[in-house]
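# Observations on the three-dimensional arrangement
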Amino acid sequence: MDASLDTNVIIHLYKANLQSVIFNRFEKLRVYEFIRKHEMINHAGQDIIGQFDKDVTEGNIELVTNQYLKSIGMYQVFLHQVKDLRILFDGGDLGEVYAIAMAKTLGCACLVTDDIKERGPHYTLMRIPDSEVIPFAFFEVLFLDFLEGKMSEKDLTEAFSLVCTISGLVWDIQSRLKCFMKRFWKDPYSKSEKVWMSGFCKDKGIDAKVRIQKLWNYINK
């Protein structure tokens with residue numbers, strides 16, 4: 001899967017030196033140039049910007065420019081997506097609008113964003129029937145890694161705690177796991193997301209019920 005990255009998740013994972021989580025999860029990571037040139041300048045420290053630029057140079061992240069979109073004949077499609085999304089996210093952050101518009105334009109299956117507030121990108125994309133872009137917060141990427149056996153319970157909880165502590169995120173893992181379970185199994189907002197998770201578990205040979213119960217027991221012991 002390819003993914004478009006929003007500003008906040010870049011900052012959160014780089015602060016914790018856990019950017020490898022998204023490097024290993026997604027085949028290609030794309031970031032629209034506005035996020036690097038404006039959003040990160042305003043919200044990220046120079047150390048994070050330096051690390052990010054290094055990953056762009058090394059090919060871990062693709063920086064998508066207007067020039068590139070024009071060269072492949074997709075710039076007007078991108079602008080149309082931006083126009084539609086600015087109405088949907090009225091008063092919202094322009095960076096998240098661009099991140100989603102780029103995902104739709106280039107066919108990225110996922111948006112990785114830690115903006116989970118009501119009416120934000122994560123909240124809204126989950127509620128769009130048959131949305132072609134699936135949103136993931138950093139902790140949901142961790143849960144996917146755990147389901148696949150790429151992370152132990154200890155590794156997951158330590159990574160979650162580290163990101164939250166360093167970034168000042170007032171989230172607890174129990175509530176986030178409950179939301180994850182509701183979203184993909186118990187009471188999904190979109191049928192397409194339940195179908196996606198079912199296919200993910202089938203392809204990877206995952207017994208999700210057993211894995212989730214194992215994690216739930218660990219974090220509540």
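This section reports on the structure supplied with the text. Residue positions are given per chain, counted from 1 along the sequence in the order it is written. Confidence filtering applies because this is a predicted model: local features only for residues at pLDDT of at least 70, side-chain atom pairs given and counted only at 80 or more, and all residues used for totals across whole chains, interfaces and linings. Side-chain metrics rest on all non-hydrogen atoms present in the structure, leaving aside hydrogens and water.

Interaxial angles span 0 to 180 degrees and are taken between N-to-C directions of axes, which are lines fitted to C-alpha atoms, for helices over the stretch in contact. Helix and strand definitions here come from DSSP, where helices need a minimum of 4 consecutive H or I residues and strands a minimum of 2 consecutive E residues; each element is numbered from the N-terminal end. Their axes nearest at 11 Å, the elements helix 9 (residues 138-148) and helix 11 (residues 173-186) cross at an angle of 75°. Here helix 11 runs roughly perpendicular to helix 9, going by the angle between their axes. On the side of helix 9, the interface is formed by F139, E140, F143, L144 and L147, while helix 11 contributes I173, R176, L177, F180, R183 and W185. Residue type decides the class: Asp, Glu, Lys and Arg count as charged, Ala, Val, Leu, Ile, Met, Phe, Trp, Tyr, Cys and Pro as nonpolar, and the leftover types, Gly among them, as polar. In terms of residue class, the contact of helix 9 with helix 11 is made up of eight nonpolar, no polar and three charged. Orientation categories follow fixed angle ranges, with anything under 35 degrees roughly parallel, anything over 145 roughly antiparallel, 65 to 115 roughly perpendicular, and all other angles oblique. Any two residues whose heavy atoms approach within 4.5 Å are treated as being in contact.

Mapped onto the elements of the fold, W196 is located in helix 12 (residues 191-204). Each residue is placed in one exposure class: buried if its accessible area under a 1.4 Å probe, protein chains only, is under 20% of its type's maximum, exposed if it is over 50%, and partly exposed if it falls in between. Relative accessible area serves as the criterion here: at 18%, W196 is assigned to the buried category. A sequence separation of 171 residues divides W196 from R25, and the C-alpha atoms of the two residues are 16 Å apart. Once you skip the residues sitting within four places of it in the chain, W196 turns out to touch M1, I134, F136, L144 and F184.

Geometry only, nothing functional implied.
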